[in-house]
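Observations on the three-dimensional arrangement
Residue-level listing of the chains:
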Amino acid sequence: MRRWLSDDKRGKEPEVFETVSDGLKKLYRQKLLPLEEHYKFHDFHSPCLDDPDFDAKPLVLLIGQYSTGKTTFIRYLLEQDFPGIRIGPEPTTDRFICVMHGSQDGIIPGNALVVDPKKQFRPLSKFGNAFLNRFQCSTLNNPVVNSISIIDSPGILSGEKHRVDRGYDFAGVLEWFAERVDRIILLFDAHKLDISDEFRRAIDAIKGYDDKIRIVLNKADMIDHQQLMRVYGALMWSLGKVLGTPEVARVYIGSFWDQPLHFDMNRKLFELEEQDLFNDIQSLPRYAALRKLNDLIKRARLAKVHAYIISHLKKEMPSMFGKDAKKKDLIKALGETYTALQREHNISPGDFPSLTRMQEQLQHHDFTKFHILKPKLIETVDQMLAQDIARLMQMIPLEEAISAKEGQGVKGGAFETMSESVFGYGRGEGIDEGRGDHEWVVNQEKYKYDEMFDKLNPVDGKITGASAKSELVKSKLPNSVLGKIWKLSDIDKDGMLDMDEWALANHLVKVKLDGNDLPAELPKHLVPPSKQNLL
């Protein structure tokens, strides 16, 4: 008896997980999967998750109309061709190509890809041979895809006259990928902003994943500054109508290819936008666990709602006669069922699946084979959300800190070039101006600062903050910024500035007025030669 009590007590202790990914796999199999299977969740919404869904590298999905530069964008990131690449002004990519890391360059056909237990594509077999013949994996030994995988989608045709039957559920495939990827990049051509019917359907398929969407206005160097302003405004207007949200996703402007810029007046803008986009992509490996955790929470909430819907339909079905007529009535009145369940179980309206889509799917199911509500299954999922997920959330900051310390992120390709090259982001500009030069960059205008210094009546070759303030405040910078400039300039920390330190302070004011950020610590190349011995 004592042993039984001991085992029971030990069984109630919370399970310890080594990693967030390990915890998600176990929680899904033990607590969420039974609920999904009992109420046929996989037939209505999303296939069962396998271990590769939790272990896979972050995925980036590219979507856009033909000739918007999707394939070229991938080549730009990799700085090399990948197997099966085709680039041209016509619709060249007629298939989904997943670019992944491999020891050797090669192509894996779709039919072979979906039977590989180590990859997360097995559920795609449900879309049939018509899709699998248009699906492949391109493997190559490139450091970029050692951290992330990139999916190139078929170019979407423009206009209703170009509408074709692809032979498979194109929007369904996009939705399957959208649920599992970490980032969705919508590409637009600066010369081709019209949103075709097929493109609109593609955007509708990914609407539920707004937090993953980033928008790129590509080929922006092909138009001048005035035209770019008009194109950007037109794109924002179109996206506002299509996405149907009060806030449109972040739009990045640039030209993501390795050819000369046609109009280079916006070069700095393109560099800053590219830096923001690259930083966003580079952060994906670090936040992959958080994304998977968030997706599992969304899935669990949907599975609970689905269970309530299915069990309600089962309860309303007659035991003997009039089943077909009752089924039609229940499908027609599904909106009323949503409202009733929302009140009864205090469910947010946003947790319910699409009404129209649910009605279409219910047509093909036998309601008599549905199950009544099993509170124990719901309680298990509630306990998972309230306790187990909370414990995993506590592990995420530690995993992110370890990732940041180990420098985990996307490396190689264009990411390496822009971070190390002398032509990288901000190189030679702002606080970085003069790095690597033999002469102190402040010397260029030091004669002006020296004249100002003499007018401030220095004592023993130094001025106080009070005497300097009257001059520095003319810049109209906030006191908090001026205080930081003073702190950076007072290299010997004696509360006063000599002639060189005063010149440095004015140079930092100029840097800030030019719209650049100040550093947390003074870079070595800005320290006056007379102060180098203090470093």
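Residues numbered from 1 in each chain as written. Predicted model: local features only at pLDDT ≥ 70, side-chain atom pairs only at ≥ 80, totals over all residues. Heavy atoms only, no water.

So, on to the overall build of the chain. When helices and strands are tallied, the chain shows 21 helices and ten strands. With respect to the principal axes defined by its C-alpha atoms, the chain has extents near 105 × 70 × 50 Å. A separation threshold of at least 6 residues defines the contact pool for the chain, and within that pool the share at least 24 residues apart is 78%. Accessible surface, the chain: about 27400 Å² in total, of which carbon and sulfur atoms supply 51%. For the chain, the separation between the mean place of its 75 positive charges and that of its 80 negative charges on side chains is 6 Å. (Helix = DSSP H or I, 4+ residues; strand = E, 2+ residues; numbered from the N terminus. Contact = heavy atoms within 4.5 Å. Areas by Shrake-Rupley, 256 points an atom, 1.4 Å probe, with all protein chains shown as cover. Lys, Arg positive; Asp, Glu negative; His and termini not counted. Charge placed at Lys NZ, Arg CZ, Asp CG, Glu CD.)

The subject of this paragraph is the UniProt feature "domain: EF-hand" (unreviewed entry) in the chain. According to UniProt, the feature "domain: EF-hand" (unreviewed entry) maps to residues 477-512 in the numbering used here. Taken end to end, residues 477-512 comprises 69% helix and 8% strand; its first and last C-alpha atoms sit 8 Å apart. (UniProt positions renumbered as here; feature names shortened; annotations may be inferred.)

A few words now on the nonpolar core. Judged by nonpolar contacts, the single largest core of 52 residues is most densely connected at Phe 96, Phe 121, Phe 177, Phe 188, Ile 215 and Leu 217. The residues contacting Ile 215, other than those within four sequence positions of it, are Leu 186, Phe 188, Leu 235, Leu 239, Leu 243, Val 248, Ala 249, Arg 250, Val 251 and Tyr 252. (Core = buried A, V, L, I, M, F, W, Y, C linked by side-chain atoms within 4.5 Å. Buried < 20%, exposed > 50% of the residue type's maximum accessible area, 1.4 Å probe, protein only.)

Turning our attention to the packing of aromatic side chains. Counting across every chain of the model gives 19 aromatic pairs. Ring plane angle 85° and centroid distance 5.2 Å describe the contact between Trp 176 and Phe 177, whose orientation is recorded as edge-to-face. With respect to burial, Trp 176 and Phe 177 carry one shared label: buried. Both rings, one in Phe 367 and one in Phe 370, keep their centres 5.2 Å apart while their planes meet at 25°; by these two values the pair is stacked. Take Phe 367 and Phe 370: they sit in the same class, and that class is buried. A connected cluster of aromatic rings, assembled from ring pairs, spans Phe 96, Phe 121, Phe 127, Phe 131, Phe 135, Tyr 168, Phe 170, Trp 176 and Phe 177. Stacked on the ring of Phe 170, the Lys or Arg Arg 166 has its end atom at 4.3 Å from the ring centre. For Arg 250, the ring lying beneath its charged end belongs to Tyr 252, and the centroid distance is 4.2 Å. (Phe/Tyr/Trp six-rings, centres within 6.5 Å; stacked < 30°, edge-to-face > 60°. Lys NZ or Arg CZ within 6 Å of the ring centre and 35° of its normal.)

Take a nonpolar patch on the surface next. Residues Tyr 287, Leu 290 and Met 393 make up a contiguous nonpolar surface patch of roughly 250 Å² in combined accessible area. Mapped onto the elements of the fold, Tyr 287 is located in the loop between helix H11 (267-282) and helix H12 (288-316). (Patch = residues over 30% accessible without salt bridge, like charges linked within 9 Å, V, L, I, M, F, W, Y side chains within 5 Å. Salt bridge = Lys/Arg side-chain N within 4 Å of Asp/Glu carboxyl O.)

Below, the discussion takes up the side chain of Arg 291. For Arg 291, the position within the fold is in helix H12. With relative accessibility at 16%, the residue Arg 291 sits in the buried group. With residues near it in sequence (within four places) discarded, Arg 291 still touches Glu 179, Arg 180, Val 181, Asp 182 and Lys 212.

Of the positions making up helix H13 (residues 323-332), those classed as buried are Lys 327, Leu 330 and Ile 331. Here the buried residues of H13 occupy an arc of 95° about the axis, which is enough to place them on one side. Of the residues in H13, the exposed ones pointing more than 90 degrees away from the buried face are Lys 328 and Lys 332. Buried residues belonging to H13 abut H12, helix H14 (334-345) and helix H15 (355-362). (Arc of directions from axis to C-beta.)

The next point concerns the environment of Pro 349. The residue Pro 349 is located in the loop between H14 and H15 in this model. Relative accessible area serves as the criterion here: at 52%, Pro 349 is assigned to the exposed category. Residues Pro 349 and Tyr 338, spaced eleven residues apart in sequence, show a C-alpha to C-alpha distance of 8.3 Å.

Take the packing of helix H18 (residues 446-455) against helix H21 (residues 499-513) next. At a closest axis distance of 9 Å, the pairing of H18 and H21 adopts a crossing angle of 115°. Here H18 runs over H21; the crossing is right-handed. Contact with H18, carried on its side by Lys 446, Tyr 449, Asp 450, Met 452, Phe 453 and Asp 454, involves Met 499, Asp 500, Trp 502, Ala 503, Asn 506, His 507 and Lys 510 of H21 and no other residues of that element. Class assignment for the residues of the contact of H18 with H21 results in six nonpolar, two polar and five charged. (Axes fitted to C-alpha atoms, helices over the stretch in contact; angles between N-to-C directions. Left-handed = near helix turned anticlockwise from the far one by under 90°. Nonpolar A, V, L, I, M, F, W, Y, C, P; charged D, E, K, R; others polar.)

This part takes up the domain arrangement of the chain. How large an interface is tends to be reported as the accessible area lost when its parts come together. The assigned domain composition of the chain is domain 1 (24-49 + 297-394), domain 2 (56-264) and domain 3 (430-526). Between the C-alpha centres of domain 1 and domain 2 there is a distance of 32 Å. Domain 1 puts seven residues into the contact, and the matching count from domain 2 is eight residues. Summed over both sides, the interface between domain 1 and domain 2 buries roughly 490 Å², with carbon and sulfur atoms accounting for 36% of that surface. Of all residues in domain 1, Pro 47, Lys 298 and Arg 357 bury the most surface against domain 2, accounting for 66% of the area lost on that side. Counting the contacts that link domain 1 with domain 2 gives two salt bridges. With a closest N to O distance of 2.6 Å, Arg 357 and Glu 175 form a salt bridge. (Domains from an automatic or database assignment. Buried area = accessible area lost by both parts, 1.4 Å probe.)

So, about the packing of helix H8 (residues 170-180) against helix H9 (residues 197-205). Angle between the axes and distance between the axes: these two values describe a pair of packed helices. Between H8 and H9, the shortest axis-to-axis distance is 8 Å and the interhelical angle comes to 35°. Crossing geometry of H8 relative to H9 is assigned as right-handed. Along its contact with H8, which presents Phe 170, Ala 171, Leu 174 and Glu 175, the element H9 presents Glu 198, Arg 201, Ala 202 and Ala 205. Taken together, the residues of the contact of H8 with H9 sort by class into five nonpolar, no polar and three charged.

What follows covers unusual backbone geometry. The backbone phi angle of Ser 67 is positive, close to 65°, even though this residue is not glycine. Of note, Ser 67 is situated in the loop between strand E1 (59-64) and helix H5 (70-78). Non-glycine residue Asn 457 carries a positive phi angle of around 55°. Its place among the elements puts Asn 457 in the loop between H18 and strand E9 (462-464). When its relative accessible area of 62% is taken as the criterion, Asn 457 is described as exposed.

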